[in-house]
Amino acid sequence: MKLRGDRVPGRSGTLCQRTKKKKLQNGQIQEYPLVSVERDAHNVFHWFWHLTYKQKESDGKYKSHTVSVRPEQVAAVKVLIAGNVQLEVVLSYLYSSK
């Protein structure tokens, strides 16, 4: 699931949910974060979250950046993105509440 602002796509970045698969020593593949039940798309604690955004570099090219988002911050970041606030505001919230 990806969430972007409505009026200006990507202005506040894109909030993405993902999982991570890791091969264990016994050869099995384990998906993280660990969930004891079926993974729920609407449960923020069943996913790793990150904010992806592009920033123009001094050479004129755009470079993608990713910032981790804790599950406790997801609701507030969704509100900020839906409100199309500036990316700097979203980043300052993420860095100040860590």
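Procedures and definitions
- Residue positions are given per chain, counting from 1 as you read along its sequence in written order.
- Confidence filtering applies because this is a predicted model: local features only for residues at pLDDT of at least 70, side-chain atom pairs given and counted only at 80 or more, and all residues used for totals across whole chains, interfaces and linings.
- The basis for every side-chain value is the complete set of heavy atoms in the structure, and neither hydrogens nor water enter the calculation.
- The helix and strand labels rest on DSSP assignments: H or I over at least four residues marks a helix, E over at least two residues marks a strand, and numbering proceeds from the N terminus.
- A simple rule labels every residue: compare its accessible area, found with a 1.4 Å probe on the protein chains alone, to the largest value its type can have, and call it buried under 20%, exposed over 50%, or partly exposed in between.
- Residue contacts are defined here by distance: any two heavy atoms, one from each residue, within 4.5 Å place the two residues in contact.
- The Shrake-Rupley method, run with a 1.4 Å probe, gives the accessible areas here. Residue values count only the displayed protein chains as cover.
- The nonpolar core is taken to be a set of buried Ala, Val, Leu, Ile, Met, Phe, Trp, Tyr and Cys residues, with the residues joined through side-chain atoms within 4.5 Å.

Undergrad: It is not clear to me how the overall build of the chain should be interpreted in this structure. Could you clarify?
TA: Across its full length, the chain carries two helices and six strands. Its helices and strands in sequence order give the chain the pattern β-β-β-β-β-β-α-α, from N to C terminus. Burial analysis of the chain (98 residues in total) assigns 28% to the buried set. Within the chain, counting contacts between residues at least 6 apart in sequence, those at least 24 apart form 49% of the total. Taken as a whole, the chain presents about 6800 Å² of accessible surface, with 51% of it coming from carbon and sulfur.

Undergrad: When you look at the nonpolar core in this model, what are you seeing that I'm missing?
TA: Buried together is how nonpolar side chains tend to be arranged in soluble globular proteins. If you look at the biggest cluster of nonpolar residues, it comprises 16 residues, and the most contacted ones within it are Leu 15, Trp 49, Leu 51, Val 69, Val 77 and Leu 94. If you list the elements that add at least two residues to this core, you get strand 5 (48-56), strand 6 (62-69), helix 1 (74-82) and helix 2 (87-96).

Functional significance is not addressed by these values, which are geometric in nature.
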